[in-house]
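Summary of structural features
Read off the chains here:
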Amino acid sequence: MFLDLAKECTHALLSIANIQYWRESYQYFARTSDELALLHFWSLSLEEQFYLVWPALIVLAYRSGRLREIILLVTTSSLLGAFLVGRIDPSAAFFLMPFRIFEFGCGALMLFVDEHRLSRIARESLAAFGMLFIAAGAVFLRPTTANLEVMVLIPCLGAAATILAGENTVTSRSLSHPIVAGIGTISYSLYLCHWPIIFFGRFIFGESADGWTGTLTMLPVMIIVATLMYRFIERRFIQRSGLGPADAWKNAFQFGAIIIPLVTITHLTFLSKGFAWRLPESRLEHARLNGPSLIEDIEPFNGSVGFQLVGDSHAHQYGRGIEPLMKRMSIRMEVLGSAGCPMLQDITLRSRNREGCIQARDQALARMRETRLPVIFVQRWDIYDDAAVDYHDSTQGRNWTDERNSYSKLEHALTQTLVSVVEGRQILLIGAQVDASCEINRPRLLQGPLLHAPLPPCPPSRKEDVERSGSKINAMLSRVQAKWPDRIELLRPVDYFCGAECPVVAEGYWLYWDRTHFSLAGSRYMVERAKEPFGRLLARSAP
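Residues numbered from 1 in each chain as written. Predicted model: local features only at pLDDT ≥ 70, side-chain atom pairs only at ≥ 80, totals over all residues. Heavy atoms only, no water.

1. Brief notes about the state of the cysteines
Simply put, the disulfide is a covalent bond whose two ends are the sulfur atoms of two cysteines. With the rule as written, the count across this model stands at three disulfides. Covalent S-S linkage joins Cys341 and Cys357, the inter-sulfur distance amounting to 2.0 Å. Note on the Cys341 and Cys357 pair: the S-S dihedral is about -70°, so by sign convention the disulfide is left-handed. A residue pair is termed long-range when its members are at least 10 positions apart, and Cys341 in the loop between β2 (331-336) and β3 (347-349) and Cys357 in helix α18 (residues 354-369) qualify at 16 residues. For the pair Cys341 and Cys357, one class covers both residues: buried. Cys498 shares a disulfide with Cys502; S-S distance 2.0 Å. As the torsion about the S-S bond is roughly 105°, the Cys498-Cys502 disulfide counts as right-handed. (Disulfide = S-S within 2.5 Å. Helix = DSSP H or I, 4+ residues; strand = E, 2+ residues; numbered from the N terminus. Buried < 20%, exposed > 50% of the residue type's maximum accessible area, 1.4 Å probe, protein only.)

Shown next, in the form of structure tokens:
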């Protein structure tokens, strides 16, 4: 967690947090909002970028004599860009500054409207509807809202209408109440501190932080912290008007003198992997076992390449579990594939990473055809249903459907893939993954010096429920395996991982680090229980 926090601090200090969160949003193992302690800095970074660009734009527009027209053009272009880019890359439309300029532009355009021409009834109506729009945005807009990049216009127009209505309305006078005005005064500091208080409240106290007691405790803490921040920090940076160029350079130098050393510290913390040496070895080992099962963490050892591990991230997660068997037999493995990508002939994924998946697939299949090494073939089969993939084999002469939870394309593609690679080799085909029964908050699995509430174990699933959920996949794989019974063995994880129930925690260690991926402990648990089929395949490649 300290490692991730250091990275977030570096990006926040450099005002590029929004860019980094956008880049990470499409990573296969992207963290959720509940796992990001400084997520709220994305909007502050966007603001900083905006205020670097906007003043220069205003100066140039003013000198051209087309100030209003240029602001209107920039605002509408930004809105149109957000709409078009949102069709292709919703995260870019959400996180990146060019596609949020229209929100600032809505306020800027109010400067060109003469509110004195508005009747009192018009101003009162504008103010009332403005507050209604703001409230509607807060209540109804969600990350899953369709066309969110455009729907944010609702609170923007509400704010613009409230501004345009002016000060002499019932709404504006209610906003001038001392309590409301006081909150407005500390609002910037309140924004800075609110999310870390929520994040660490949940981290330290667990589920109780989201209850009424936790909420009623955190609210006054936020107000107190924000008030202190405003009084002793924010007010010191409030500048008088009329500053000259020399003052601007002086301020830039002073900020640089603060930010550069802080960035150096946070980045060195990241490079040192969060100063892991500060923790005792027992805690580090506990963290490793509860952490992801990463192939790159396998210690190098001598031995010839004995088999290929092929597939997406659900193949890679088996690598650490197989490691003891490889060392015992003095063989190494060749890993082929990429996270979130089907390694199947003529299948392409309908996703942003489509081209990357095609490249990884072609490289993997080409390498498989060059050898006759045994193969362990694993995919997260259920995410490659007919609605998620395209099948391009024109020889089938068939019109494919786009049905969810139908796997006809997948079955044909897998069959054709195996036709091209099965000759002269043995293949262990691993079936439907056994999923955890709940979402897992990864930071709370980690050990560290900060005391925190342990994550309550997910309730184990009944074996028959897991068998039912994976029945379509396992039935499809059985049909494919039956075509080459002497060459392909089907390993169904549910038969080995589960007893009467399918555990999520065993011997004090979490067997998963997210909903579908084994932790290091889980990988070892699975392979140990299925060591006979794994051992049979590896024995065919032992020197």
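Here the narrative resumes, following the displayed structure.
2. Some remarks on the pairing of strand β1 (residues 304-311)
Buried residues dominate β1, accounting for six of its eight residues. Note that β1 and β2 share six bridges and pair parallel. Residue pairing in the sheet places Leu309 in a bridge with Val335 of β2. Where β1 meets strand β4 (residues 375-378), four bridges bridge the pair, whose relative direction is parallel. Bridge assignment links Gly311 to a residue of β4, and that residue is Val378. (Pairing = 2+ DSSP bridges.)

3. Examining the packing of helix α4 (residues 67-88) against helix α6 (residues 101-109)
Contact geometry of α4 with α6 gives a least axis separation of 8 Å together with a crossing angle of 150°. Regarding the angle of α4 to α6, the classification is roughly antiparallel. Considering how the two elements wind past one another, α4 and α6 form a crossing that is left-handed. Touching Arg68, Ile71, Leu72, Val74, Thr75, Ser78, Leu79 and Ala82 of α4 are Ile101, Phe102, Gly105, Cys106, Ala108 and Leu109, all from α6. Classifying every residue of the contact of α4 with α6 by side-chain character gives ten nonpolar, three polar and one charged. (Axes fitted to C-alpha atoms, helices over the stretch in contact; angles between N-to-C directions. Parallel < 35°, antiparallel > 145°, perpendicular 65-115°, else oblique. Left-handed = near helix turned anticlockwise from the far one by under 90°. Contact = heavy atoms within 4.5 Å. Nonpolar A, V, L, I, M, F, W, Y, C, P; charged D, E, K, R; others polar.)

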